[in-house]
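Here are the chains, one letter per residue:
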Amino acid sequence: DDQIERERSSQRLSGGCCALAAVYLMGKFYVANAGDSRAIIIRNGEIIPMSREFTPETERQRLQFLAFLRPELLGKEFTHLEFPRRIQPKELGRKMLYRDQNMNGWAYKKIEEDDLKFPLIYGEGKKARVMATIGVTRGLGDHDLKVFSSNIHIKPFLSCFPEVRVYDLTQYEHCPDDVLVLGTDGLWDVTNDKEVAGVVMEVLTSYEPNDPCRYTMVAQELVVRSRGVLKERGWRLANDKLGSGDDISVFVIPLGGPGNYT
């Protein structure tokens, strides 16, 4: 992240990205995630999550706590408090549900002038945004990202520190159908863990266990199915729902070799 910050000046590069990394070291997989990509292990048909997405919703309390500690980051345009909906001026003095950085549930408060400011986190699901600007809360870069038509920087709220999960390969006997799947949000937006596991099993069983291309074909099939087919109404999945409109990158990494069947 520091290197990207230096290069934005020396090489005039800007922008940023999420990061999902898997490192194999001394019999263990270390999976580090900073962003909204996802990793899962599929072992004997069982799904084992190896990451979680970092979004405005999942990191609400961290973001609110930073804004509470450093209110100057909000530029007098935003409030760190969360409400079920936007507050209208006519509602001043009324009681409304809210929650702050210390709350998991909701409580009531009397609406004040500051509560009319735009919320730090607004929207739900994939539409949730930090300062109405970005929908992911960890990643690399984006040092120049600002709120539209303002001088308020988003970067202080974007963490470059990943969450790391460890999987000990030596604790289990793995067969050639056991895999680690890494995918960007373009895959997971339209395909859930169970559906991914189904595609993995379907494709792998159509190839010989010692065929090295079988894992590449799984990755290709996951990308193709998530993108869908181009029709008159846009890209559509097999169930006629909209296909993924985001970039889709998928890695499928085998955890066992041909001789590891038990």
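Residues numbered from 1 in each chain as written. Predicted model: local features only at pLDDT ≥ 70, side-chain atom pairs only at ≥ 80, totals over all residues. Heavy atoms only, no water.

1. Side note on the sheet that holds strand β4 (residues 38-43)
A sheet is described by the order of its strands in space; here 4 strands give the open sequence β5-β4-β14-β17, paired in antiparallel fashion. Lying at the two open borders of the sheet, with one neighbouring strand each, are β5 (46-49) and β17 (250-254). Recorded for the sheet is a direction-independent mean angle of 20° between the axes of neighbouring strands. Where helix α4 (residues 193-204) meets the sheet, it contacts β4, β5 and β14 (179-183), and its direction lies at approximately 50° from that of β4. In this fold helix α5 (residues 214-227) packs onto β14 and β17, with an angle of close to 150° to the strand it touches most, β17. (Pairing = 2+ DSSP bridges. Helix = DSSP H or I, 4+ residues; strand = E, 2+ residues; numbered from the N terminus. Axes fitted to C-alpha atoms, helices over the stretch in contact; angles between N-to-C directions. Contact = heavy atoms within 4.5 Å.)

2. A word on the packing of aromatic side chains
Evaluated as defined, the whole model comprises 4 aromatic pairs. When the centroid spacing of 5.9 Å and the interplanar angle of 10° are considered together, the rings of Tyr167 and Tyr172 count as stacked. Residue Tyr167 is classed as buried on the basis of its relative accessible area, which comes to 6%. Ring pairing ties together the aromatic residues Phe78, Phe118 and Tyr122, which thus form one cluster. One Lys or Arg, Arg43, reaches over the ring of Tyr172 and ends 3.6 Å from the middle of that ring. Residue placement shows Arg138 over the ring face of Phe54; its charged tip is 4.0 Å from the ring centre. (Phe/Tyr/Trp six-rings, centres within 6.5 Å; stacked < 30°, edge-to-face > 60°. Buried < 20%, exposed > 50% of the residue type's maximum accessible area, 1.4 Å probe, protein only. Lys NZ or Arg CZ within 6 Å of the ring centre and 35° of its normal.)

3. Some details on the sheet that holds strand β2 (residues 19-25)
Pairing in this open sheet of 3 strands is antiparallel, and the strands run β2-β3-β13 from one edge to the other. Sheet topology places β2 and β13 (163-168) at the edges, where each strand pairs with a single neighbour. On average, each strand axis in the sheet is tilted by 15° relative to the strand beside it, whichever way the strands run. By the bridge criterion, 7 bridges tie β2 to strand β3 (residues 28-34) in an arrangement that is antiparallel.

4. Quick look at the UniProt feature "domain: PPM-type phosphatase" (unreviewed entry) in the protein chain
Under the UniProt annotation, "domain: PPM-type phosphatase" (unreviewed entry) lies at residues 1-255. Taken end to end, residues 1-255 is 19% helix and 26% strand, and its two terminal C-alpha atoms sit 30 Å from one another. (UniProt positions renumbered as here; feature names shortened; annotations may be inferred.)

5. What to know about the packing of α4 against α5
Where α4 contacts α5, the axes come no closer than 9 Å and their chain directions differ by 135°. In terms of their interaxial angle, α4 and α5 are classed as oblique. Read as a crossing pair, α4 and α5 show a hand that is right-handed. On α5, the residues touching Val196, Val199, Val200, Glu202, Val203 and Leu204 of α4 are Arg214, Tyr215, Met217, Val218, Glu221, Leu222 and Arg225. Tallied by class, the residues present in the contact of α4 with α5 amount to 9 nonpolar, no polar and 4 charged. (Parallel < 35°, antiparallel > 145°, perpendicular 65-115°, else oblique. Left-handed = near helix turned anticlockwise from the far one by under 90°. Nonpolar A, V, L, I, M, F, W, Y, C, P; charged D, E, K, R; others polar.)

6. Remarks on the state of the cysteines
Within this structure, the stated rule accounts for 0 disulfides. For the unlinked cysteine Cys17, the closest cysteine sulfur is that of Cys18, found at 7.0 Å. The partly exposed category is assigned to Cys17, whose relative accessible area is 42%. Take Cys175: it sits in no disulfide, and the sulfur closest to it among the cysteines is that of Cys213, at 17 Å. By relative accessible area, which is 17% here, Cys175 ends up buried. (Disulfide = S-S within 2.5 Å.)

7. Some points on the pattern of salt bridges
The tally for this structure, following the rule as stated, stands at 21 salt bridges. When the shortest N-O distance is used, the salt bridge between Glu82 and Arg99 registers 2.7 Å. Of the two residues, Glu82 sits in the loop between β6 (78-79) and β7 (95-98) while Arg99 sits in the loop between β7 and β8 (107-110), which places them 17 residues apart along the sequence. Of the residues examined, Glu82 reaches a relative accessible area of 16% and is grouped as buried. (Salt bridge = Lys/Arg side-chain N within 4 Å of Asp/Glu carboxyl O.)

8. A few points about the nonpolar core
One finds Val179, Val181, Val196, Val200, Leu222, Val250 and Val252 to be the most contacted residues of the largest nonpolar core, which totals 19 residues. Among the elements of the structure, β4, β14, α3 (185-188), α4, α5 and β17 are those that each provide at least two residues to this core. With sequence-adjacent residues up to four places away left out, Val252 is seen in contact with Val179, Leu180, Val181, Tyr215, Val218, Ala219 and Leu222. With 16 residues, the next largest nonpolar core counts Ile121, Val147, Ile152 and Leu158 among its residues. (Core = buried A, V, L, I, M, F, W, Y, C linked by side-chain atoms within 4.5 Å.)

9. Description of the side chain of Thr55
Looking at the element boundaries, Thr55 is found in the loop between β5 and α2 (60-69). Residue classification places Thr55 among the buried residues on the basis of a relative accessible area of 17%. Excluding residues within four positions of it along the chain, Thr55 makes contact with Gly135 and Thr137.

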